[in-house]
Amino acid sequence: MNAFIGFIMGPMVWISAMIFIFGLLIKFIFIIKEVREKEQYLLSYMTVRHSLRSICAWLIPFYPRSTRLRPVYYGVSYLFHILLFVLPVFLFSHIVLMDQSLNLSWPALHDGAADILTLAVILALVFFSLRRRLEPDVRFLTSVKDHLLILMVLLPFVTGFLAYHQVFLYEWMVIAHVLSGEFLLIIIPFSRFSHMITAPLTRAYTGSEFGHVRHAKDW
Amino acid sequence: MKQWVFFMVFILIMGISGLVFSREDQERLDPSAFETPRRPGAVFSHDGHNEKAGLSDNCALCHHVYENKQLVEGESSEDKTCSDCHGLKSGPENGIPLVRAFHARCRECHFDSGKGPVLCGQCHMKE
Ligand code: HEM
């Protein structure tokens, strides 16, 4: 058992981190290459200024008009995306593991705070899932796969929470936690989650078309 | 919907059984050398553990002595605590801070020997 745990908490972490980073990097390069070969004209009116302008405008909470029209959804969404990044990176247990293997450490969230924020993420995911069931026009665009992807994000948070509290089946909970976390990292480049890099590209394109061509704002 | 109800009931039962079958009292290491401990002290029954792990005549593996960063063979330091030499913060004079010293000594051997606890909660068991 220890050998298996050693593998999933050792080499497997690096393997999945590499797939995550290089998967996204290769995806990015391919997108740029495709645009260059097939849709060269897009690049002719893309500008750095209008791209950055649009990306920044959409990063400011409730600055774009459409986010103000649906404040609950976008509020939950902003909070969720920030926590999705902050929680795993600044979680104390994760930093202890990092310190152990790479002698690297940085300030950590207080465990009690992390615990409450974890619950907030879980609630946000339940909210997203319910919205996809209950709101007619979103429901129309939703397939089983969307719910499965939500589940994939949910799993590391639920299992991490239960493991931290050592409620039941502790060993199996940590194993499930580590595997679901690694699985999530691995599927990011190959799923809708790659909007991590494609969303800014979409903004850059739309921002340039609106700003440079039509002299309008896209937020 | 039915599956969800079953799932929730399952979680609830497991949770309650986890609370009811609380763990027996176990000998623990004292974490007070870490000014503000963030985990329950690690379970460790000194003599019993060392007998089972075959360390009874290798006290110096843990209670070691260093001089000028060189391990001194054949000498041991049972009269000192780990925190006497290993400070909390790493620095030039403190190559191996206290947490890393404990984890390196204990957890690594458990990985190498394939026996003993390696997950946070197996050592820092809830009280
Ligand atoms: C993106 C993936 C991951 C996310 C989102 C995530 C998130 C979390 C969360 C939310 C907790 C519980 C915090 C709390 O309730 O206080 C946790 C605990 C933990 N995570 Fe992760 N995690 C991820 C990946 C990993 C990986 C790959 C490892 C192992 C190498 C790992 C090891 C741990 C450990 C050991 C704990 C503490 C369990 C305990 O205290 O016994 N996590 N994680």
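First things first, this report covers the structure right here in the doc. By convention here, each chain's residues receive numbers from 1 onward along its written sequence. As a convention, the first chain written is A and the first ligand written is 1, with the rest following in written order. Owing to the predicted nature of the model, reporting of local features is limited to residues with pLDDT of at least 70; listing and counting of side-chain atom pairs is limited to 80 or more, with chain, interface and lining totals taken over all residues. Each side-chain value is worked out from all heavy atoms of the structure, with water and hydrogens disregarded.

### Brief notes about the overall build of chain A
Line of reasoning, step 1. Along the backbone of chain A there are 12 helices and zero strands.
Line of reasoning, step 2. Secondary structure elements are taken from DSSP: a helix is a run of H or I of four residues or more, a strand is a run of E of two residues or more, and numbering for both begins at the N terminus. Ordered by position from N to C terminus, the α and β elements of chain A give α-α-α-α-α-α-α-α-α-α-α-α.
Line of reasoning, step 3. The principal-axis extent of the C-alpha atoms belonging to chain A is close to 60 × 40 × 35 Å.
Line of reasoning, step 4. In this scheme, a residue with accessible area under 20% of its type's maximum is buried, one over 50% is exposed, and one in between is partly exposed, where area comes from a 1.4 Å probe on protein chains only. Buried residues in chain A amount to 38% of all 219 residues.
Line of reasoning, step 5. A fraction of 63% describes how many contacts in chain A between residues 6 or more apart in sequence connect residues 24 or more apart.
Line of reasoning, step 6. Here, Shrake-Rupley sampling with a 1.4 Å probe gives the accessible areas, and only protein chains in the shown set may cover a residue. For chain A, the accessible surface area stands at approximately 13000 Å², while carbon and sulfur atoms represent 74% of it. Residue contacts are counted whenever heavy atoms from the two residues lie within 4.5 Å of one another.

### Thoughts on helix α8 (residues 111-134) of chain A
Residues and elements named next belong to chain A.
Line of reasoning, step 1. Across its 24 residues, α8 extends 34 Å between first and last C-alpha, which sits within 8% of the 34 Å expected from 1.5 Å per residue.
Line of reasoning, step 2. Of all the positions in α8, only Asp111, Ala114, Asp115, Thr118, Val121, Ile122, Ala124, Leu125, Phe128, Ser129, Arg131 and Arg132 are classed as buried.
Line of reasoning, step 3. Considering only its buried residues, α8 is in contact with α6 (71-90), α7 (92-102), α9 (136-140) and α10 (144-164). By definition here, a helix of n residues has an expected span of 1.5 Å times n minus one.

### Here we look at the packing of aromatic side chains
Line of reasoning, step 1. The aromatic pairing rule takes the rings of Phe, Tyr and Trp, using the six-membered ring of Trp, and pairs them if the centres are within 6.5 Å, calling planes under 30 degrees apart stacked, those over 60 edge-to-face and the rest tilted. Tallying each qualifying case throughout the model produces eight aromatic pairs over all chains.
Line of reasoning, step 2. Note on Tyr73 of chain A and Tyr74 of chain A: the rings are 5.2 Å apart at their centroids and 70 degrees apart in plane angle, and the pair reads as edge-to-face.
Line of reasoning, step 3. Between Phe34 of chain B and Phe102 of chain B, the ring centres sit 6.4 Å apart and the planes meet at 45 degrees, which makes this aromatic pair tilted. Highlighted residues: Phe34 of chain B in the loop between α1 (2-20) and α2 (46-52) and Phe102 of chain B in helix α4 (residues 98-113), separated in sequence by 68 residues.
Line of reasoning, step 4. Connected via pairs of aromatic rings, a cluster forms that spans Tyr73, Tyr74, Phe80, Phe127 and Phe128 of chain A.

### Overview of the interface of chain B and chain A
Line of reasoning, step 1. Tallying the contact residues gives 24 residues for chain B and 23 residues for chain A.
Line of reasoning, step 2. Note on chain B versus chain A: buried area summed over both sides is about 2100 Å², and carbon and sulfur give 55% of it.
Line of reasoning, step 3. Two parts placed together each lose some accessible area under a 1.4 Å probe, and the buried area is that loss summed for both. By the criterion of area lost to chain A, the three top residues of chain B are Arg38, Arg100 and Leu119 of chain B, representing 30% of everything that side buries.
Line of reasoning, step 4. A salt bridge links Asp111 of chain A to Arg39 of chain B; its shortest N-O distance comes to 2.8 Å.
Line of reasoning, step 5. What qualifies as a polar contact is a pair of N or O atoms within 3.5 Å, subject to a donor-acceptor requirement within protein and to the restriction that residues adjacent in sequence count only when both atoms come from side chains. Counting the contacts that link chain B with chain A gives 14 residue pairs in polar contact (both at pLDDT 80 or more).
Line of reasoning, step 6. Residue assignment for the side of chain B that touches chain A shows that the elements contributing at least two residues are α1, α4 and α5 (120-123) of chain B.
Line of reasoning, step 7. By residue number, the principal contributor to the side of chain B that touches chain A is α4 of chain B, which donates six residues. Salt bridges are counted wherever a side-chain nitrogen of Lys or Arg sits within 4 Å of a carboxyl oxygen of Asp or Glu.

### Section: the site of the ligand
Line of reasoning, step 1. Nearness is defined per residue: one heavy atom within 4 Å of the molecule or strand is enough. With respect to spatial proximity, 20 residues lie near the ligand, and among them Leu91, His94, Asp115, Tyr170 and His177 of chain A are the closest.
Line of reasoning, step 2. Around the ligand, the neighbouring residues derive from chains A and B rather than from a single chain.
Line of reasoning, step 3. Note that a nitrogen atom of the ligand is positioned 2.6 Å from one of the side-chain N or O atoms of His177 of chain A.
Line of reasoning, step 4. At the level of secondary structure, the elements contributing two or more residues to the shell around the ligand comprise α7, α8, α10 and α11 (170-187) of chain A.
Line of reasoning, step 5. By residue number, the principal contributor to the shell around the ligand is α10 of chain A, which donates six residues.
Line of reasoning, step 6. The classification used treats Ala, Val, Leu, Ile, Met, Phe, Trp, Tyr, Cys and Pro as nonpolar, Asp, Glu, Lys and Arg as charged, and all other residues, Gly among them, as polar. Partitioned by chemical class, the residues of the shell around the ligand number 12 nonpolar, six polar and two charged.

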